[in-house]
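Here is what each chain is made of, one letter per residue.
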Amino acid sequence: MSELEGHCVGEWLPQVPFVALALLTLANERSEVRGSGSNSAIHQLISSLGAAAGARWRDKSKLLSSNRTFEASKASGNSGSHLLLLLFTHSFYLAPMSKLVFWIFHFLSRWMLRIYYPGMEVENLQNANHPGPTLLCGNHPNTLIDPLIVGIHLDYQTYFLANAAMWINPVMAFLIDPFCIPVARPQDKQAGATKGMDTDEIFNRTFAGLEAGEVVYIAPEGASELERKLRRLKGGAASMALEAENRNDWKLGLSVQPVGVNYESPTTCFSRAFIRYGEPIDVTPYREQFEESPMRAIRALTNVLTDQMQGLLIQTQNKAEEHLLRPIERAIQNERPMKVSDHHYRTQRILAALRKMPEDNLEALRETATSYDQLLRKNGQLDVEFSNHPDRKMTAGTLLALPFYLYGLLNHAPWLLAINGIWKALGIDRGYKATVQTLGSWIVLPILYLLQVLAFNWIFPASWGWLYLLSLPISGLFALKYWLTYRAFWKGRFSGSSADNKQLEALRAQMLRAVPEV
């Protein structure tokens, strides 16, 4: 697929005037083949229009620099007519195809991620949910889930800068190429990737999307690591934003949109996530600095972007601070449960309070928290077992709804076993667990539903299969709701060793007493 094909990001309707011209082009060239010279005026008209169109595309994004079809036409003297036909063909077919594929992905990602992260909350969506040009910049702790979980909330098509290894598979390449831009990292090259090697191509493809008024997603950290803190940002995002404005005489109206994705447990099914869209950054104030020294302007914009993105996250300074914070925030959440957004802000306050503690007190707290956490792991127990969580008490709903929950769980056990089995069979890093399980569910769940209905009809051949099929998604959603409501009651009831319960209770109480009130 050529560069031009990857960049027909506009609607096909504005290209309708090319239809008649393209047909005239074909008729004219066929007449020339027959030796007729009567159409030279038409040919000149078409060539001039085509050349004008080509100049516009070259001036906007240099898309045709490597298009062999155009170069061949140019060499033969028919560049205008061939280019006109090429532009019409790609604009008419690929743009709607791109949107169709994108919105299918969008729909599937939205409902599957809502299942995988059912406690999801979104803050300040209005900052990003508008037409572009927008460069959407997000943190990257959870591989492919990050761009998906950011993009599913937007009502506008988003284009993604993605690692070039995804283009190795030809089927995947065909599906994602219309709305993804390959970027080759060293590990992608080692894996055999051939796309995304040319930096100019990457920038030009990004510029084409932004200049067409689109939303383009980029992860400025450059790689994905399974940790909460924002790693040092590379200058690519700022460079793209500033250069896009510069090449459009600073009239593009581009905004850099920071977004922070906060996972409570990114690789765990049915955990929670909090997506925060920050204030858009206007890049036009950097014009004078960019014209004097592009590198200084890039660094300045990167620093502002870094500060904004860090404010949207739980920004631990190192692994030691992260290991101290985790058992503390978990214990406090189990004592005083909050929805994910409130819990996020409380955790930020806890972190700020810990940093103000005297060093001796902080080290004593670290030793207690570490001992408590290690003993929990050793015994296979959970903190919630020792908490005063309000949902640890049995209620009428816990028992009355249990049979319906078990029905839903039983019918979806094959799906849970399958997606866990797929991840384990692949033997890849656990940072890809949520990605494999979520995307794999697009295929696995419908297939399992089909097989289960066929098995039901075989066992009960009384034409009740349609009713059973209807019960599957309903019972699955009910089971999910039940688990989210009553999991605090059931978690840890039938697992782990209780040999060290007294010691664990003492360590937990000592840890919570040492934490400043927030």
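Just above sits the structure.
What you see is a predicted model, and the numbers here were worked out from it, not measured in a lab.

Peer 1: What is the right way to read the packing of aromatic side chains from this model?
Peer 2: Aromatic ring pairs are described here by two measures, namely the spacing of the ring centres and the angle between the planes. Summed over all chains, the structure comprises 17 aromatic pairs. Centre to centre, the rings of F274 and Y345 are 6.1 Å apart; their planes meet at 75°, and the pair counts as edge-to-face. Placement of F274 in strand β7 (residues 273-277) and of Y345 in helix α14 (residues 340-356) is noted, with a sequence separation of 71 residues between them. Considering the side-chain rings of Y405 and Y482, the 4.6 Å spacing of their centres and the 25° angle between planes classify their relative orientation as stacked. Taken together, the residues span a long stretch of sequence, with Y405 in helix α17 (residues 402-426) and Y482 in helix α19 (residues 465-490) at a distance of 77 residues. Neither Y405 nor Y482 differs from the other in exposure class; each is buried.

Peer 1: What is the right way to look at a nonpolar patch on the surface in this model?
Peer 2: Judged by side-chain polarity, I443, I447, L450, L451 and L454 come together as a nonpolar surface patch covering roughly 500 Å² of accessible area. Within the secondary structure, L451 sits in helix α18 (residues 433-459).

Peer 1: Explanation requested: the packing of helix α10 (residues 236-246) against helix α12 (residues 294-311) in the structure shown.
Peer 2: The axes of two packed helices give the description: the angle between them and the distance between them. Remark: α10 packs on α12, axes separated minimally by 8 Å, with the N-to-C direction vectors making an angle of 120°. Compared by their axis directions, α10 and α12 come out oblique. Pair α10 / α12 crosses with right-handed handedness. Of the residues in α12, those touching α10 at A237, A238, S239, A241 and L242 are A297, I298, L301, T302 and L305. Classifying every residue of the contact of α10 with α12 by side-chain character gives eight nonpolar, two polar and no charged.

So, how was this worked out
- Residues numbered from 1 in each chain as written.
- Predicted model: local features only at pLDDT ≥ 70, side-chain atom pairs only at ≥ 80, totals over all residues.
- Heavy atoms only, no water.
- Phe/Tyr/Trp six-rings, centres within 6.5 Å; stacked < 30°, edge-to-face > 60°.
- Helix = DSSP H or I, 4+ residues; strand = E, 2+ residues; numbered from the N terminus.
- Buried < 20%, exposed > 50% of the residue type's maximum accessible area, 1.4 Å probe, protein only.
- Patch = residues over 30% accessible without salt bridge, like charges linked within 9 Å, V, L, I, M, F, W, Y side chains within 5 Å.
- Areas by Shrake-Rupley, 256 points an atom, 1.4 Å probe, with all protein chains shown as cover.
- Salt bridge = Lys/Arg side-chain N within 4 Å of Asp/Glu carboxyl O.
- Axes fitted to C-alpha atoms, helices over the stretch in contact; angles between N-to-C directions.
- Parallel < 35°, antiparallel > 145°, perpendicular 65-115°, else oblique.
- Left-handed = near helix turned anticlockwise from the far one by under 90°.
- Contact = heavy atoms within 4.5 Å.
- Nonpolar A, V, L, I, M, F, W, Y, C, P; charged D, E, K, R; others polar.

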